[in-house]
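Summary of structural features
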Amino acid sequence: MKINKTNAARLLDKAKITYELIPYEVDENDLSAVHVAASLGENIEQVFKTLVLHGDKSGYFVCVIPGEHEVDLKLAAKASGNKKCDLIPMKELLPLTGYIRGGCSPIGMKKHFPTYIHETCRKFPYIYVSAGTRGLQIKIAPDDLIRESGAETCRLFED
C-alpha cells in the first residue's frame, strides 16, 4: 500500500530526520489517541496528541501530550509564560494550523507556534504523533521531534 507523504513528512525528509509513517484505521466516531494506540497495538503513553491553545500574553501555542491525559491549563500557562490559557475552539483549528481535528501534527503547521512536549516523551526510544492527516502517524525519536518542532519539554499535567 502506497502511503502519500504529508507536509510534516516532507519537512522531516528535508531536515534528514529518521521517522516512519504508520497507517491506522480511522474511526470517525472515535478520533481519540486512545483509539489510535489500540489500532497500532502501542502503549498509550507513547501515542501523543497535539493540542493548540491560546494564552492571555503569548497568543497561540502548542502542547503535545500522551493521548490518555488532559492538559493541565495552569501548567501549560506557566510553561508558556501566560497567566491563563484555554484550548482554542475547534472551528479555529483548520484556519489557524492547516490541520483538522484528529490529524493535527506538531510539525508543519501554517505558522510556527511555541511548542511544549510533556517530559515523559524522553522515557521512550520513539513516540507517535499525527502525520498531519487522519489515519497516519509519525513514529519518531523524541529528541528528533523536539529539535524539528523547536519544542521545550516540561510538565503539562499532574501524574
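Residues numbered from 1 in each chain as written. Predicted model: local features only at pLDDT ≥ 70, side-chain atom pairs only at ≥ 80, totals over all residues. Heavy atoms only, no water.

Observations concerning the UniProt feature "domain: YbaK/aminoacyl-tRNA synthetase-associated" (unreviewed entry) in the chain
The criterion, for reference: UniProt positions are given in the numbering used here, feature names are shortened, and annotations may be inferred rather than shown by experiment. The way it works is that DSSP assigns letters per residue, a run of H or I at least four long becomes a helix, a run of E at least two long becomes a strand, and they are numbered from the N terminus.
Sites flagged by UniProt as "domain: YbaK/aminoacyl-tRNA synthetase-associated" (unreviewed entry) map to residues 32-147. The span residues 32-147 is 25% helical and 30% strand by assignment, and the distance between its end C-alpha atoms comes to 26 Å.

Digging into the pairing of strand β2 (residues 48-55)
Moving residue by residue along a regular strand, the side chains alternate between the two faces of the sheet. For clarity, the cut-off: Relative accessibility thresholds used throughout: buried, under 20% of the residue-type maximum; exposed, over 50%; partly exposed, between the two (1.4 Å probe, protein chains only). In this analysis, strands are considered paired if DSSP registers two or more bridges between them.
In terms of burial, β2 is a largely internal element, seven of the eight residues being buried. Pairing geometry for β2 and strand β3 (residues 59-66), over eight bridges, is antiparallel. If you follow Phe48 over to β3, its bridge partner there is Pro66. Hairpin geometry of β2 and β3 is characterised by an intervening segment of three residues between the two adjacent antiparallel strands.

What about the sheet that holds strand β7 (residues 136-140)?
Formally: Angular values range over 0 to 180 degrees, each being the angle between N-to-C directions of two axes fitted as lines to C-alpha atoms, with helices fitted over their stretch in contact.
Strand order in the open sheet made by the three strands is β1-β7-β6, with antiparallel pairing throughout. Edge positions in the sheet fall to β1 (19-23) and β6 (127-133), since each has one partner strand and no second. This sheet shows a mean twist of 35 degrees between the axes of neighbouring strands, independent of strand direction.

Overview of the sheet that holds β3
Pairing is mixed in the open sheet, where five strands are placed in the order β4-β2-β3-β5-β8. Either end of the sheet is taken by a strand with one partner, and the two such strands are β4 (85-87) and β8 (152-154). Across the sheet, the mean angle separating the axes of adjacent strands is 35 degrees when strand polarity is ignored.

Concerning the pattern of salt bridges
Basically, it comes down to this: Each reported salt bridge corresponds to a side-chain nitrogen of Lys or Arg within 4 Å of a carboxyl oxygen of Asp or Glu.
Applying the stated rule across the entire model yields seven salt bridges. The closest approach of N and O atoms between Lys139 and Glu20, which form a salt bridge, is 3.8 Å. Of this pair, Lys139 sits in strand β7 while Glu20 sits in strand β1, and the two are 119 residues apart along the sequence. For Glu20, a relative accessible area of 42% puts it in the partly exposed group. For Arg155, the salt bridge identified is with Glu158, shortest N-O distance 2.3 Å.

Side note on the nonpolar core
Threshold: We call a set of buried Ala, Val, Leu, Ile, Met, Phe, Trp, Tyr and Cys residues a nonpolar core when their side-chain atoms join them within 4.5 Å. Whether two residues are in contact is decided by their heavy atoms, any of which lying within 4.5 Å being enough.
One finds Val52, Ile117, Ile127, Ile138 and Ile140 to be the most contacted residues of the largest nonpolar core, which totals 30 residues. Secondary structure elements with two or more residues in this core: α1 (7-14), β1, β2, β3, α4 (90-97), β6, β7 and α5 (142-149). Setting aside residues up to four positions removed in sequence, Ile140 forms contacts with Leu12, Ile17, Thr18, Tyr19, Pro125, Tyr126, Ile127 and Leu145. Among the nonpolar cores identified, the runner-up in size contains 13 residues, and Cys63, Ala77, Tyr116 and Cys154 belong to it.

Focus on the side chain of Asp144
Convention followed: Whenever two N or O atoms come within 3.5 Å, that pair is a polar contact, provided that in protein one can donate a hydrogen and the other can accept it, and provided that, for residues adjacent in sequence, both atoms are side-chain atoms.
Of note, Asp144 is situated in helix α5. At 2.5 Å, the side chain of Asp144 and the side chain of Arg147 are in polar contact. Those residues in contact with Asp144, other than ones at most four positions away along the chain, are Ile17 and Thr18.

Structural notes on the pairing of β3
Of all eight residues in β3, seven are buried, a share of seventy percent or more. Bridging between β3 and strand β5 (residues 115-118) involves three bridges; their strand directions are parallel. Considered in β5, the bridge of Val62 is made with Thr115.

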